[in-house]
Amino acid sequence: MLSDLRLFQLISPSLPVGAFTYSQGLELAVEAGWVDSQERFEAWLTGQLNHSLTTLELPMLDRMLNALDEADAQAFNQLTKELIAWRETKELRLEEKQRGAALARLLPQLDVNLEGLLLEACQRTQLAGIAIAAHQWQIPRDKLFAGYLWSWLENAVMAGVKLIPLGQTQGQQTLQRMASSLEQSVEQSKRVLNPSSVTPALAIASSRHETQYTRLFRS
């Protein structure tokens with residue numbers, strides 16, 4: 001029970017890491033006319049889910065937890081470097097660093113032990129902080145993975161509601177339709193042997209967003 005509540009806290013939009021300030025390329029995609037409807041928005045999300053979160057982030061999170069189980073801080077730190085190497089643009093790398101740094105400041109205030117290489121890793125990427133907190137709070141992996149995906153989806157939908165724009169009801173419909181895909185992604189991620197990401201549209205959108213004339217979001 002307590003581990004479930006800790007998970008809710010970790011994935012909550014109220015967690016002060018600034019998740020609401022990032023659109024991960026969506027702002028440019030809307031500006032360019034690539035995403036102009038609920039249908040295209042869901043296709044955009046599905047692409048990210050299938051070719052990045054399922055194939056890179058969840059497998060890397062799983063490997064980080066393995067490293068923590070083995071008390072291997074060196075391996076854990078190396079995994080965070082590999083994750084950052086998969087972020088194609090300056091903006092996406094900066095997002096990882098900013099959200100990671102926010103978690104590194106917050107987690108010690110929540111009695112999560114961060115020191116040495118673990119602190120360094122957390123300051124590099126938010127995924128490290130999530131892994132460390134989940135490990136110390138004994139959150140079951142499948143629940144953590146589903147919760148992580150839900151947190152990503154919820155933040156993305158909130159951005160879509162503002163940018164496309166969509167109505168609040170349409171946003172809820174997208175959350176409901178995408179929910180079953182999250183469950184499938186958790187299972188598919190367990191079969192990934194070599195974590196990787198192939199999201200060219202996201203990379204192009206992110207790189208162009210860096211010089212977009214007017215912006216509401218950091219990415």
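Reference entry: report on the structure contained in this document. Just so it is clear, the structure is predicted and the values come from calculations on it, not from any experiment.

Parameters at a glance
Within every chain, residues take consecutive numbers counted from 1 along the sequence as written. Reporting of local features is limited, given that this is a predicted model, to residues whose pLDDT is at least 70; pairs of side-chain atoms are given and counted only at 80 or more, and all residues count toward the totals for whole chains, interfaces and linings. With hydrogens and water stripped out, all remaining heavy atoms of the structure feed into the side-chain values. Labels follow the DSSP assignment, with helices taken as runs of H or I lasting at least four residues and strands as runs of E lasting at least two, numbered in each case from the N terminus. It is over C-alpha atoms that the radius of gyration is taken, and the globule rule equals 2.2 Å times the number of residues to the power 0.38. Relative accessibility under 20% of the residue-type maximum defines a buried residue, over 50% an exposed one, and the middle range a partly exposed one, all with a 1.4 Å probe and only protein chains included. Accessible surface is estimated by sampling points in the Shrake-Rupley manner with a 1.4 Å probe; for residues, cover comes only from the protein chains shown. For this count, His and the chain ends are skipped, Lys and Arg are scored as positive, and Asp and Glu as negative. The atom standing in for a charge is NZ when the residue is Lys, CZ when it is Arg, CG when it is Asp and CD when it is Glu. The set of buried Ala, Val, Leu, Ile, Met, Phe, Trp, Tyr and Cys residues whose side-chain atoms join them within 4.5 Å is what this entry labels a nonpolar core. Any pair of residues with heavy atoms lying within 4.5 Å of one another is described as a contacting pair. Any Lys or Arg side-chain nitrogen located within 4 Å of an Asp or Glu carboxyl oxygen qualifies as a salt bridge. Think of a patch as exposed residues, more than 30% relative accessible area, with no salt bridge, where like charges cluster within 9 Å and nonpolar side chains (Val, Leu, Ile, Met, Phe, Trp, Tyr) cluster within 5 Å. Orientation is described by axes fitted as lines to C-alpha atoms, over the contacting stretch for helices, and by angles from 0 to 180 degrees between their N-to-C directions. In this scheme, roughly parallel covers angles under 35 degrees and roughly antiparallel covers those over 145, while 65 to 115 is roughly perpendicular and the rest are oblique. By the definition used in this description, the sense in which the near helix is turned from the far one sets the handedness, with an anticlockwise turn below a right angle giving left-handed and a clockwise turn giving right-handed. Amino acid classes used here: Ala, Val, Leu, Ile, Met, Phe, Trp, Tyr, Cys and Pro are nonpolar; Asp, Glu, Lys and Arg are charged; the rest, including Gly, are polar.

**Thoughts on the overall build of the protein chain**
- Helix and strand content of the protein chain: ten helices and zero strands.
- Going from N to C terminus, the protein chain has its helices and strands arranged as α-α-α-α-α-α-α-α-α-α.
- On C-alpha atoms alone, the protein chain measures out to a radius of gyration of 17 Å, which is about the 17 Å that the 2.2 N^0.38 rule sets for 219 residues.
- Dimensions of the protein chain along its principal axes, counting C-alpha atoms only, are 45 × 35 × 35 Å.
- Across the 219 residues that make up the protein chain, the buried fraction comes to 51%.
- Surface exposure of the protein chain reaches about 10,800 Å², of which carbon and sulfur atoms provide 52%.
- Put simply, the protein chain has 20 plus and 24 minus side-chain charges, and the middle of one group is 4 Å from the middle of the other.

**Remarks on unusual backbone geometry**
- The step from Ile164 to Pro165 runs through a cis peptide bond, and the omega angle for that step is -10°.
- Mapping Pro165 onto the fold places it in the loop between α8 (141-163) and α9 (168-189).
- The residue Ala71 is not glycine, and still its phi comes out positive at about 55°.
- Counting through the fold element by element, Ala71 comes out in the loop between α3 (38-69) and α4 (73-85).
- The exposure class of Ala71 is exposed, given its relative accessible area of 69%.
- Although it is not a glycine, Asp111 adopts a positive phi angle of roughly 65°.

**A few points about the nonpolar core**
- By size, the foremost hydrophobic cluster in this structure holds 67 residues, and its most contacted members are Leu45, Phe76 and Leu144.
- Looking at which element gives the most residues to this core, the answer is α3, with 13 residues.
- In this structure Phe76 touches Met64, Ala67, Leu68, Leu118, Ala121, Ala128, Ala131 and Ile132, once residues within four positions along its chain are discounted.

**With respect to the pattern of salt bridges**
- All told, the structure shown has eleven salt bridges when counted by the stated rule.
- With a shortest N-O distance of 2.6 Å, Arg141 and Asp62 are connected by a salt bridge. One end of the pair, Arg141, is in helix α8; the other, Asp62, is in helix α3, and 79 residues separate them in sequence.
- Note that Asp142 is salt-bridged to Lys190, the shortest N-O span being 3.1 Å. One end of the pair, Asp142, is in helix α8; the other, Lys190, is in the loop between α9 and α10 (200-209), with 48 residues separating them in the sequence.
- Its relative accessible area of 36% is what places Asp142 among the partly exposed residues.
- Relative accessible area serves as the criterion here: at 46%, Lys190 is assigned to the partly exposed category.

**A short note on a nonpolar patch on the surface**
- A cluster of nonpolar side chains, Met1, Leu2, Leu5 and Phe8, forms an exposed patch at the surface whose accessible area comes to about 470 Å².
- If you trace the backbone, Leu5 turns up in helix α1 (residues 2-11).

**A few points about the packing of α4 against helix α6 (residues 116-124)**
- Two elements in contact, α4 and α6, have axes whose closest approach is 9 Å; the angle formed by their N-to-C orientations is 15°. The angle between the axes of α4 and α6 places the two elements in the roughly parallel class. Of the two possible hands of crossing, α4 and α6 adopt the one that is left-handed. Across from Ala73, Gln74, Phe76, Asn77, Thr80, Lys81 and Ile84 in α4, the residues of α6 making contact are Leu117, Leu118, Glu120, Ala121 and Arg124.
- When its residues are assigned to classes, the contact of α4 with α6 shows six nonpolar, three polar and three charged.

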